[in-house]
Amino acid sequence: MNYLDALVMHGPRLWDGLLLTLQLTVVSGLLAFVVAVVLGLMAGSTKLLVRLPARIIIEFFRGTSLLVQLMWLFYVLPLFGPSLGAMLVAIFALTLNYGAYGAEAVRASLTSVPQGQWEATAALSMSWPHKMRRIIFPQAWALMLPSLTNLWVHLLKGSSIVYIIGMSEFTFELLQLRRTTDWLFALAIVGLVVYFIIALVLTQLMRLFEARSKYKLGRGPSLKEILSPVLTNKISPADEPAAVAPGGAR
Amino acid sequence: MPTPTDAKPAMPVIEFRDVEKQFDTKTVLKELNFTIERGERVTLIGPSGSGKTTILRLVMTLEGLTDGYIYIDGAPLVYEQRDGKRVPVSKRQQKLLTTRIGMVFQQFNLFPNMTVLENIIEAPIHVLGINKRDAIDRAHQLLEKVGLPDKTDAHPTALSGGQQQRVAIARALAMDPEILLLDEVTSALDPEVVVDVLQVLRDVAATTDVTMLIVTHEMSFARDVSHRVMMLDGGKIIESADPETIFTNPAKERTKKFLAAVLRDA
């Protein structure tokens, strides 16, 4: 089989596999973020009745393997009742698994917001939702982003595991193609490069979020400055943090 | 603004009754009883660890109360007596009382995710429900008062320590507190800006009738603005008198020794 024939035959399937991988990464990633914030806030509560359920969910999904969770949800759960489709199972398992890890990152960054900030909100009699939304979370956000970025890249790569419940994502299709051709080396390179590029896009995107959140805390340049190379060369934020006052654009 | 006629004359604005505070097993305050009258400015002095800051933090409900009662305008702040039992007051009641209390911290604690103006108007708008335009007008007046009218849109990180502290004072005043707690507000500042911050506070003292409870190591400031000075040692008030008496002719030997030590350093 020559290259062209093989690509014509397998190209569309490889493309579909890639789209599925991206779908899982983006949808589960966003849902996992919501789960992480909710569980993280609950886990940081001083009330046992709020904290305990969060801890149980976090420990369960962190402590059991994603592979086994997928098997349970897809093969065992239907024996007792509901049969969820493979897509739903995959999203559900990825979301809770990575959401549980993310929850720890959220909780840790909330506790890293200086005590003085919490006390200042108390001295101004702010309610819990108010202080969280306006004061504490925006500061914790800058702290949690690097960990969340890491987890998202993990999720991207970890998503290949859904092949065990019969989902044809990118890695699966790559292996299929390998079986029908002898291009082991070429395909292995493609696998590396594609995952690397997706991961690179994710991390760069998250970097921008991180830069924006730091700028809002008065540390570092604005997005405008980062995205325009001329300006970034002029202002070096690492040297003069105090000089970087936000402009009028906020 | 309350006037002497509409305030109940006998009701102290702050009352501590048999207050005890322990951290783990360490007793910081013990059988503490005192009252502060409306409009009174009281300074707490004493060696470190004597419990001065803890008293302020108890009034602001930043610390739990181990035993005893605290009353604000006669209303219980943390615990109340009901059918002979000591029970916690409702969150609602506590919030109602704490909105009348403002605090300025040693470390300023401005919100870094907001500009100076946003720092000042945030709580008046969202906690007191004041409309935004009024809150902004008031913030401008207060920034004028603390000598920073041109820093409205500045970011806290772009301000010096002394400027940050003056914004923090404006932020506390924007809530129109009946009681202002000042916790070592100049201790984290460079000596040359301490004067500016103290001048702002002297001005507040001279132009408002806000009740002040002050912890400071600035003895001349304490002497100038206080109606009364309370000397703490080992979690107890050992002497309480007008500043003139405390600073020139204290009754207790312990007070004399403490003042000799701090005034020699100054």
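Given the structure is predicted, the values throughout are model-derived calculations rather than measurements. (Residues numbered from 1 in each chain as written. Chains lettered and ligands numbered in written order. Predicted model: local features only at pLDDT ≥ 70, side-chain atom pairs only at ≥ 80, totals over all residues. Heavy atoms only, no water.)

When you go through chain B residue by residue, the secondary structure sums to nine helices and 12 strands. Counting all 266 residues of chain B, 53% fall into the buried class. Across chain B, contacts joining residues at least 24 apart in sequence account for 64% of those joining residues at least 6 apart. When the accessible surface of chain B is split by element, carbon and sulfur atoms take 48% of a total near 12,100 Å². Of the charged side chains in chain B, 32 are positive and 37 negative; the average position of the first set lies 4 Å away from that of the second. (Helix = DSSP H or I, 4+ residues; strand = E, 2+ residues; numbered from the N terminus. Buried < 20%, exposed > 50% of the residue type's maximum accessible area, 1.4 Å probe, protein only. Contact = heavy atoms within 4.5 Å. Areas by Shrake-Rupley, 256 points an atom, 1.4 Å probe, with all protein chains shown as cover. Lys, Arg positive; Asp, Glu negative; His and termini not counted. Charge placed at Lys NZ, Arg CZ, Asp CG, Glu CD.)

Let's shift gears to the sheet that holds strand S1 (residues 14–23) of chain B. Residue and element names in this part refer to chain B. The four strands lie next to each other as S2-S1-S4-S5, forming an open sheet whose pairing is antiparallel. Edge positions in the sheet fall to strand S2 (26–36) and strand S5 (75–76), since each of these pairs with one other strand and no more. Examined bridge by bridge, S1 and S2 share seven bridges and lie antiparallel to one another. By the bridge assignment for S2, Glu15 is matched with Thr35. Each of S1, S2 and strand S4 (67–72) is contacted by helix H1 (residues 52–59), which is oriented at about 115° to S1, the strand it contacts most. (Pairing = 2+ DSSP bridges. Axes fitted to C-alpha atoms, helices over the stretch in contact; angles between N-to-C directions.)

All right, on to the environment of Thr61 of chain B then. As for its placement among the helices and strands, Thr61 of chain B is situated in the loop between H1 and S4. For Thr61 of chain B and His227 of chain B, which are 166 residues apart along the polypeptide, the C-alpha to C-alpha distance reads 25 Å.

Quick look at empty space enclosed by the protein now. On inspection of all chains with the given rule, the structure shows one cavity of 30 Å³ or more. Looking at the largest cavity, it is lined by 13 residues, and the ones nearest its centre are Ala123 and Leu124 of chain A together with Met103, Arg171 and Ala172 of chain B. Contributions of two or more residues to the lining of the largest cavity are made by helix H5 (115–123) of chain A together with strand S8 (101–104) and helix H5 (161–173) of chain B. Examining the composition of the lining of the largest cavity, we find that four residues originate from one element, S8 of chain B, more than from any other. Considered class by class, the residues forming the lining of the largest cavity number 11 nonpolar, one polar and one charged. (1 Å grid on protein atoms, 1.4 Å probe; cavity = no way out; pocket = protein on both sides within 12 Å on 5 of 7 lines; lining within 4 Å. Points joined across faces, edges and corners; volume = space filled by probe spheres on them. Nonpolar A, V, L, I, M, F, W, Y, C, P; charged D, E, K, R; others polar.)

Grouped together as the largest cluster of nonpolar side chains are 54 residues, with contacts concentrated most on Ile14, Phe16, Ile55, Leu181 and Leu213 of chain B. Sort the elements by how many residues they give to this core and helix H6 (residues 128–158) of chain A lands first, with seven residues. Each of domain 1 (1–100 + 179–197 + 209–266) and domain 2 (110–176) of chain B gives at least three residues to this core. If sequence neighbours within four positions are ignored, Ile55 of chain B has contacts with Phe16, Leu29, Leu32, Phe34, Leu44, Leu213 and Leu232 of chain B. (Core = buried A, V, L, I, M, F, W, Y, C linked by side-chain atoms within 4.5 Å. Domains from an automatic or database assignment.)

We now examine a nonpolar patch on the surface. Residues and elements named next belong to chain A. A contiguous nonpolar patch, built from Phe185, Ile189, Leu192, Val193, Phe196, Ile197, Leu200 and Val201 and spanning about 830 Å² of accessible area, is present on the exposed surface. Tracing the sequence through the fold places Val201 in helix H8 (residues 184–216). For Val201, a relative accessible area of 53% corresponds to the exposed category. (Patch = residues over 30% accessible without salt bridge, like charges linked within 9 Å, V, L, I, M, F, W, Y side chains within 5 Å. Salt bridge = Lys/Arg side-chain N within 4 Å of Asp/Glu carboxyl O.)

The subject of this paragraph is the layout of surface pockets. Over the atoms a probe the size of a water molecule is rolled, and this reveals where empty space is left. Counted as a void, the largest pocket has a volume near 1,400 Å³. Taken together, 36 residues make up the lining of the largest pocket; nearest its centre are Thr46, Ala122, Trp128 and Lys131 of chain A together with Lys91 of chain B. Among the elements of the structure, helix H4 (86–112), H5 and H6 of chain A together with helix H2 (91–98) of chain B are those that each provide at least two residues to the lining of the largest pocket. Ranked by the residues each element gives to the lining of the largest pocket, the list is headed by H5 of chain A, at five residues. Grouping the constituent residues of the lining of the largest pocket by class yields 16 nonpolar, 13 polar and seven charged.

A word on the pairing of S1 of chain B. All names here are of chain B. Between S1 and S2, which follow one another and run antiparallel, lie two residues, and Asp24 among them has a positive phi close to 55°. Pairing analysis gives five bridges linking S1 to S4, with the strands arranged antiparallel. Bridge pairing in S4 places Glu15 opposite Tyr71.

Before going further, it helps to examine the packing of aromatic side chains. Counted under the stated rule, the structure contains seven aromatic pairs over all chains. Measuring from centroid to centroid gives 5.8 Å for Phe170 of chain A and Tyr195 of chain A, while their planes differ by 70°, and the two rings are edge-to-face. Of this pair, Phe170 of chain A sits in helix H7 (residues 170–180) while Tyr195 of chain A is found in helix H8, placing the two residues 25 residues apart along the sequence. Pair check on accessibility: Phe170 of chain A and Tyr195 of chain A agree, each one buried. Ring centres of Phe16 of chain B and Phe34 of chain B lie 4.5 Å apart, and the angle between their planes is 20°; this geometry places the pair in the stacked category. Pair noted here: Phe16 of chain B is in strand S1 and Phe34 of chain B is in strand S2, with a separation of 18 residues, a long-range link. No difference in accessibility class separates Phe16 of chain B from Phe34 of chain B, as the two residues are buried. Three or more aromatic residues link up through ring pairs in this structure, and these residues are Phe33, Phe137 and Trp141 of chain A. (Phe/Tyr/Trp six-rings, centres within 6.5 Å; stacked < 30°, edge-to-face > 60°.)

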